[in-house]
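Here is how the chains run, residue by residue.
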Amino acid sequence: MGTERKRKVSLFDVVDETSVSAKIAKSNGIGATMNNTNSSINGWNGKPYSQRYFEILEKRKTLPVWHQKDEFLQVLKANQVVILVGETGSGKTTQIPQFVLEGVDIETPDRRRKMMVACTQPRRVAAMSVSRRVAEEMDVTIGEEVGYSIRFEDCSSARTVLKYLTDGMLLREAMTDPLLERYKVIILDEAHERTLATDVLFGLLKEVLKNRPDLKLVVMSATLEAEKFQGYFNSAPLMKVPGRLHPVEIFYTQEPERDYLEAAIRTVVQIHLCEPLGDILVFLTGEEEIEDACRKINKEVSNLGDQVGPVKAVPLYSTLPPAMQQKIFEPAPPSLTEGGPPGRKIVVSTNIAETSLTIDGIVYVIDPGFAKQKVYNPRVRVESLLVSPISKASAHQRSGRAGRTQPGKCFRLYTEKSFHNDLQPQTYPEILRSNLANTVLTLKKLGIDDLVHFDFMDPPAPETLMRALEVLNYLGALDDEGNLTDLGEKMSEFPLDPQMSKMLVESPKYNCSNEILSISSMLSVKGVKCLGCHQQLSCLGSMPPAGMHHRILIPNCFVRPREAQKAADEAKARFGHIDGDHLTLLNVYHAYKQNNEDPTWCYENFVNHRALKSADNVRQQLVRIMTRFNLKLCSTDFNSRDYYVNIRKAMLSGYFMQVAHLERTGHYLTVKDNQVVHLHPSNCLDHKPEWVIYNEYVLTSRNFIRTVTDVRGEWLIDVAPHYYDLTNFPQCEAKRVLEKLYRKREKDRENRK
DNA sequence: GAGCACTGC
């Protein structure tokens, strides 16, 4: 205990910088080489430094983190794990990895190859853009000494010494390289976001560090949670880097607000009337609410007459197409009259503006204190979205958005008392809010056998883990002892849910892996709903003219513009397969390929070209994995009666736990769980099948099952007899039907004899 | 006859 305390304190002691850097330079190969060679030559690629390098270097020297370089390297040298806390603007994401490269010896006995430094990011765009920036700072070509790796794109080479990658990607790498032996230092950035992948990496790295004394870990985080990290990593030293944000004044309401939407709009108008120039950022929970608020804001302000400056309220949410998202970067509208009051831009956004997207020029933030958050109910195995209060950390992050370019103000639409008493300190980490079937499969593949004693920073509910183990056991990925089976090994390699991976691995047995690949890919692309005209969506046209926004719906890949609903429905009907939505998706994919992936064809047929292109991309990745396992790519003859039957049976091999039965009352009940569900109205069935297989269960205005296909009761007992074992089945109508089917099967067998 | 916080492999 005494030594730990001493170690922590020493971090904040004044360090004699010259002696430290001298020691560091002496103690390692790279730093020494770089210091000793002519400073006009880049030690990484042997080329002379460009003029730009020195220009950027001057800017780098002004970053807060720059002044703690020697201190950081000293701490890193003395410890295996270092926790670094730095607020926005400290420069930690770009600079710390470069410091590491200077201070740590990455040479290997094989002089031709060096070890790497990895820096993880929760988002792809960040991995890409930060690595580009750092390559520029180091004056090297992106993809050479500095690279990045994200799904579908590995921009790195044998020369790469610093690699930015998504946290999910590092986890994938760990599956083939369990000790992460290519890396000398791993930096987990944005650790406070606590993504599922980061949380799994925490536990995994804690194990790996024991077996790799030469490996070092740097955990970088933005907020208060640092002490929790410190506790988790055996009192690793903590270093703090100041941020560079302007001060933000916080205001609370005197009384709780009954209607936060109304209060938010009222606050926007008040700011606009009373506060100096500067743009406003409003946080709301979802698309519908955001569009509504934008309309109301624009209307209310224009009703105030021309004594008041004009406003432009722009929506921002992830499913808005990129071209529409660009609108948030347009300048505020000019004053209506010469010398009249100036205009103001108002961005109304979901949580996307909290972390993923930064908008400069925001001076005012309005925070009603809510966000839609994923919750998982292990009992019914359903994930759903709930509007719930945000955490203190989240509120802090939101207010910080007001101080990026100048001092700002944040209006919290709740009382100060409520902030202190009601808000949780941190957002519940994702691992506590998710279905963990896929995570458990990954952990098993990573060699973690004892999940109960795995060192999670926040252990998930035992019931969630039990559910995950149960699902994987039913799927045959784990045996009864909980060990990974050969099937499970293969399944874990697919970047998909276990049900879908199982269906893919089994599909050659049903002689339809080509078709199952297409369906899986189509199911993997998310729907895009957006505003704008049809032209724009089809990727053919440009932005719609101002004021010409129509509401458009695209479930999965289908486009349905409000002004052409009938034509769109007719187009969809042409692809429709009466036996179900999965088969309809297959038809769309086939038609897309037959028409040479032509965007014009997509436009004419009301399908989203972008979605199909991305499905095709996913498909190629899945094909590569199938080929690696020697899983046959095959199809049943299209003219055979079994063509669709085989596909539907193959689907059941993975989704036999997602089946609903039509009761005599006319309602569907999910099998075993006996939940009342309704076919989602987007389905293309022309009848109500007795048994349906569904892709997802969504809780919205009612319990819906979405993307459904007709299956036969007989297939259930053929494909998944272990799950449809009636000795372990709740009393219900479905059970009685299945009993009959089993009896019929018995009789048939006797007759044949 | 309805509706999608945000990521990631």
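Data block above holds the structure.
Residues numbered from 1 in each chain as written. Chains lettered and ligands numbered in written order. Predicted model: local features only at pLDDT ≥ 70, side-chain atom pairs only at ≥ 80, totals over all residues. Heavy atoms only, no water.

1. Some details on the packing of helix H19 (residues 498-506) against helix H26 (residues 642-655)
Running from amino to carboxyl end, H19 crosses H26 at an angle of 135 degrees, the nearest separation of the two axes being 7 Å. Overall, the two elements H19 and H26 adopt an arrangement that is oblique. The handedness of the crossing between H19 and H26 is right-handed. Where H19 abuts H26, its residues Gln499, Met500, Lys502, Met503 and Glu506 lie against Ala650, Met651, Ser653, Gly654 and Tyr655. Among the residues forming the contact of H19 with H26, the class breakdown is five nonpolar, three polar and two charged. (Axes fitted to C-alpha atoms, helices over the stretch in contact; angles between N-to-C directions. Helix = DSSP H or I, 4+ residues; strand = E, 2+ residues; numbered from the N terminus. Parallel < 35°, antiparallel > 145°, perpendicular 65-115°, else oblique. Left-handed = near helix turned anticlockwise from the far one by under 90°. Contact = heavy atoms within 4.5 Å. Nonpolar A, V, L, I, M, F, W, Y, C, P; charged D, E, K, R; others polar.)

2. Some details on helix H16 (residues 437-445)
Summarising burial for H16: seven of the nine residues are buried, a large majority. Among all positions in H16, only Ala437, Thr439, Val440, Leu441, Thr442, Leu443 and Lys444 are buried. Buried residues along H16 sit in contact with helix H8 (167-176), helix H9 (196-211), helix H17 (462-475), helix H18 (486-492) and H19. Once H16 finishes, Gly447 follows within two positions and takes phi at roughly 90 degrees, a positive value. (Buried < 20%, exposed > 50% of the residue type's maximum accessible area, 1.4 Å probe, protein only.)

3. Describing the packing of aromatic side chains
Applying the stated rule across the entire model yields 21 aromatic pairs. Ring centres of Trp66 and Phe99 lie 5.8 Å apart, and the angle between their planes is 70 degrees; on these two criteria the pair is classed as edge-to-face. With Trp66 in the loop between helix H4 (51-60) and helix H5 (69-78) and Phe99 in helix H6 (residues 92-103), this residue pair connects regions lying 33 residues apart in the sequence. No difference in accessibility class separates Trp66 from Phe99, as the two residues are buried. Connected via pairs of aromatic rings, a cluster forms that spans Tyr474, Phe656, Tyr723, Tyr724 and Phe729. In this structure, Lys672 packs its charged tip against the face of Tyr723, placed 3.9 Å from the ring centre. (Phe/Tyr/Trp six-rings, centres within 6.5 Å; stacked < 30°, edge-to-face > 60°. Lys NZ or Arg CZ within 6 Å of the ring centre and 35° of its normal.)

4. Some words on the pattern of salt bridges
Enumeration according to the criterion identifies 42 salt bridges in this entry. In this structure, Arg745 and Asp718 form a salt bridge, with 2.2 Å as the shortest nitrogen-oxygen distance. Highlighted residues: Arg745 in helix H28 (residues 733-752) and Asp718 in helix H27 (residues 713-719), separated in sequence by 27 residues. Look at the salt bridges and you will find they share partners, linking Arg194, Asp199, Lys228 and Asp458 into a network. (Salt bridge = Lys/Arg side-chain N within 4 Å of Asp/Glu carboxyl O.)

5. What to know about the pairing of strand E14 (residues 370-377)
Inspection of the sheet shows E14 paired to strand E15 (residues 382-389) by eight bridges, in the antiparallel sense. Counterpart to Ala371 in the pairing with E15 is Ser388. Between E14 and E15, which pair antiparallel one after the other, the connecting turn spans four residues, and Arg381 there sits at a positive phi close to 55 degrees. (Pairing = 2+ DSSP bridges.)

6. Things to note about the environment of Arg560
By the element assignment, Arg560 lies in strand E19 (residues 560-561). Judged by its relative accessible area of 28%, Arg560 is partly exposed. Remark: the alpha-carbon pair of Arg560 and Lys163, spanning 397 residues in sequence, is separated by 42 Å.

7. Structural notes on the nonpolar core
In terms of nonpolar packing, the biggest core is built from 119 residues, with Ile186, Ile647 and Tyr724 touching the most fellow members. If one sorts the elements of this core by residue count, H9 sits on top with nine residues. With residues up to four places along the chain from it excluded, the contact list for Ile186 reads Ala118, Leu170, Leu180, Leu205, Leu215, Lys216, Leu217 and Val218. Core analysis: the second largest hydrophobic core is formed by 41 residues, Trp44, Val104, Ile106 and Ile150 among them. (Core = buried A, V, L, I, M, F, W, Y, C linked by side-chain atoms within 4.5 Å.)

8. A short note on the pairing of strand E2 (residues 116-121)
With six of six residues buried, E2 lies mostly within the body of the structure. Sheet topology places E2 next to strand E6 (residues 183-188); five bridges connect them, and they run parallel. Bridge pairing links Ala118 to Ile186 in E6. With five bridges connecting them, E2 and strand E5 (residues 162-166) associate as parallel partners. Looking across to E5, one finds that Ala118 is bridged to Lys163.

9. Considerations on helix H7 (residues 124-137)
Spanning 14 residues, H7 covers 20 Å between terminal C-alpha atoms, matching the ideal 20 Å at 1.5 Å per step. Of all the positions in H7, only Ala126, Ala127, Val130, Ser131, Val134, Ala135 and Glu137 are classed as buried. For H7, the angular spread of the buried residues around the axis is 150 degrees, confining them to a single face. Next to the buried residues of H7 lie H4, H6, E2, strand E3 (146-150) and E5. (Expected span 1.5 Å × (residues − 1). Arc of directions from axis to C-beta.)

10. Let's talk about the sheet that holds strand E23 (residues 691-699)
Where strands meet in a sheet, backbone hydrogen bonds hold them as pairs that are either parallel or antiparallel. Taken together, five strands build a closed barrel; the order of strands is E20-E21-E22-E24-E23 and the barrel is mixed. On average, each strand axis in the sheet is tilted by 50 degrees relative to the strand beside it, whichever way the strands run. Relative to strand E24 (residues 703-711), strand E22 (residues 676-679) is paired through two bridges, and the arrangement is parallel. Within E24, the residue paired with Leu679 across the bridge is Ile705.

11. Describing the packing of H16 against H17
Packing of H16 against H17 brings their axes to within 8 Å, and their N-to-C directions diverge by 75 degrees. Classified by the interaxial angle, the pair formed by H16 and H17 is roughly perpendicular. Residue-level inspection shows Ala437, Val440, Leu441 and Lys444 of H16 in contact with H17, the latter providing Leu465, Ala468, Leu469, Val471 and Leu472. Looking at the contact of H16 with H17 residue by residue, the class counts come to eight nonpolar, no polar and one charged.

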